[in-house]
Amino acid sequence: MLKNIFNSSKNKPPLLAKKMEEMPHVKLGMDYKTWCDSQPAGDKWRKIRWSVLIFMNLLFFLSFALDLSLLEGSLSGSRLFGFYLMDPFSSLQLLAISSKTGYIVHLTTNFIIGTVTILLFYFFLGGRTFCSWLCPYHFLAELAERLHDYLVKKKKIKEHKFHLGLRYVFWIGFLALAFFTTNLVFEDMNPVGIISRAIIYGPGMILLWVFALLIFEIVYSKRFWCRYVCPIGTTYTMIGKPSPLTIRFELDKCGYCADCQTVCLVPHELWFVKRGKATQEVHHTGSDCTNCGLCIDTCAGNALKYTIKGFDKIL
Amino acid sequence: MKKNNSDISRRQFIVSGAVAFGSLAAVGVGVKYLQKSNDNEDLLLRPPGAVAESDFIYGCIKCGLCVQICPVQAIKLAGINETLSYGTPYVDARNQACDFSCDSLQCAETCPTAVLNFKQFKVVGEKAIEKYYNEHDTKEEGFNPFKTQIIAMKEAVKMGVAKLKSESCLAVKSEGFKGISRGEGFKGVNRTPGGGTPSAVPLNTKEYDREICDLCVTECPIGESAIVLELIENNGSKSYKPKVLDGCTGCGVCVMVCPTEPTSIFIDPKKS
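None of these values were measured; they are calculated from a predicted model. Residue positions are given per chain, counting from 1 as you read along its sequence in written order. The lettering of chains begins at A and the numbering of ligands begins at 1, in the order of writing. Note on the predicted model: pLDDT of at least 70 is required for a residue's local features to be given, and 80 or more for side-chain atom pairs to be given and counted; whole-chain, interface and lining totals, by contrast, use all residues.

## Regarding the overall build of chain B
Across its full length, chain B carries eight helices and 10 strands. Along the first, second and third principal axes, the C-alpha atoms of chain B reach 95 × 50 × 35 Å. Within chain B, buried positions represent 38% of all 272 residues. Strands here mean DSSP runs of E at least two residues long; helices mean DSSP runs of H or I at least four residues long; both are numbered from the N terminus. Labels follow a simple rule on C-beta atoms placed from the backbone: if 20 or more others lie within 10 Å of a residue's own, it is buried; if 12 or fewer, it is exposed; otherwise it is partly exposed.

If you want it as structure tokens, here you go:
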């Protein structure tokens, strides 16, 4: 069981690429082009997702502006109908510092409830689901990513990629920084909290930092903060490792077009869609997947869909 | 074949990792430097129940729940000009003081990390109720232990201490005050102590007429254990001076109502 969760199926020998008569368009008696166009790329999930993201952030704003008491606080820490929710990385930093200073004994039950609730919630919903469904920085960065892709396509700029392990350096680094300086250093530069507070309590000069990050992502490296730095996302990646909610890929419906990988926000999670790469008939995305649903919208063969692991057969 | 992310070499990881480590270390040095230079700076006036600044600075996760729950919106979040205190709550008493009109110190109660520590107020309040039960009969007319609880809780607050600048104080100059204390355009609200107004009302709706200005004394939500107008007799000549006592909670209502510009009374935030 554990082996299934943590061992990537990537290390297995790949299956042979499908033969022509096994391809979905041949089975339906179409030529490849017609098959690809037979299912026009929709944006159902993107619409739902952006609506949820905007609605939740608006709910934060309206709760304060109109004194609704529905969702108080900000994304650093909040109260949903009086029920506390805590940002996991800010909780981790606080636990690290307060165990050093001894303040840990003063932390409230609400703090513990809030942290555990968030951990459980994102354990079931797939860690990085937070990113694409709630994070206001993600929303801006997703738009910035489109602009970046456009500029790369026009050959105005060059793409710079880094090693994905970099985020673990930052994750440990930010925790160590908090511990050694006795200060929530990351919270001073966390675009998630900064934007969330700006939406709710009004903007400040610190938004220039967020602006600088976006510019860097547009002109230098795609999704730099989200992919290589953000320790909140990394925390969610860790929580999401054993998560049951993922995207399910079925090889026999796949036409090897790799459109899904083109639109994917974390393309390395869809490594198995390319011709001759899949090692199993069915693959599930890993915990970097933000469950954004862009791949589901674009897939001509309906080879990708949301699933809850263990309930595959029932669904 | 196109390279994918995971194929990027180990060497690049070591290089970028070292750059990341270096920049984090630089941030750490910067934070340490700011901490040193902030030591001599004026403290912000924290909301009721705040723990020592050294704990507050990391214990506050900048969620803003206290800001949202305050009925008079006395609490604001610090901007980036406060460097390391960015995003932490403070009370700008001159513009809107904490007038205790919530009667429950809910900013402290809502704080998830207890840097606004509600426990101390809870204990004090429970003791007051217990004392009331011992001294009063439940069948008594007007039996209500909660009034004493509310009073005991707000008297336990120690945000800071009011200090007088005598050179500009109207009372010290034996001057009176007539009119609206901070002008028509002032947005702050407060609740007149002693049941004058049941909840907080805008300060610009209150007109005063005093022979000797004593607004800081009469508007104080704590009363005569916190501030009194002291009569000084000197060779037959009389003069007055507001005198701050031990009961002062540092809520800042006196600062907000003070009609002189700039204010003749200010709050010295608690240092501990």
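## Details of the interface of chain A and chain B
Between chain A and chain B, the contact holds 49 residues from the first and 36 residues from the second. Broken down by secondary-structure element, the contributors of at least two residues to the side of chain A that touches chain B are β1 (71-74), β2 (77-80), β3 (83-86), α5 (88-101), α6 (109-125), α9 (166-181) and α10 (191-201) of chain A. Grouping the constituent residues of the side of chain A that touches chain B by class yields 22 nonpolar, 21 polar and six charged. Two residues qualify as being in contact provided that their C-beta atoms, derived from the backbone, are within 7 Å of each other. Side-chain classes follow a simple rule in which Ala, Val, Leu, Ile, Met, Phe, Trp, Tyr, Cys and Pro form the nonpolar group, Asp, Glu, Lys and Arg form the charged group, and the remainder, Gly included, forms the polar group.

## Details of the domain arrangement of chain B
Entries for chain B in the domain assignment read domain 1 (10-41) and domain 2 (159-269). Its C-alpha centre places domain 1 of chain B at a distance of 48 Å from the equivalent point of domain 2 of chain B. Note that domain bounds follow an automatic or database assignment of domains.

## Digging into the confidence of the model for chain A
Note: pLDDT gives the predictor's confidence per residue, expressed from 0 to 100. Here chain A averages 90 in pLDDT, and 96% of its residues register 70 or above. When mean pLDDT is taken per element in chain A, helix α11 (residues 207-219) of chain A scores highest with 96 and helix α1 (residues 2-6) of chain A scores lowest with 50.

## Section: the environment of A:Cys299
Residues and elements named next belong to chain A. By the secondary structure assignment, Cys299 is in the loop between α15 (294-298) and β6 (304-308). Distance from Cys299 to Cys260, taken between C-alpha atoms, is 6.3 Å for residues 39 residues apart in sequence. Beyond its immediate chain neighbours, meaning those up to four positions away, Cys299 contacts Asp259, Cys260 and Leu304.

## With respect to the nonpolar core
If you look at the biggest cluster of nonpolar residues, it comprises 111 residues, and the most contacted ones within it are A:Ala178, B:Cys66, B:Ala97, B:Cys107, B:Cys111, B:Cys216 and B:Cys254. Considering each element in turn, this core owes the most residues, eight residues, to α9(A). Residues within four places of B:Cys107 in sequence aside, it is in contact with B:Pro47, B:Pro48, B:Cys66, B:Ile69, B:Cys70, B:Ile75 and B:Leu116. Structurally, a nonpolar core is described as a collection of buried Ala, Val, Leu, Ile, Met, Phe, Trp, Tyr and Cys residues joined by way of C-beta atoms within 7 Å. Counting residues in each nonpolar core, the second largest holds 24 residues, with A:Leu251, A:Trp271, A:Leu294 and A:Leu304 among its members.

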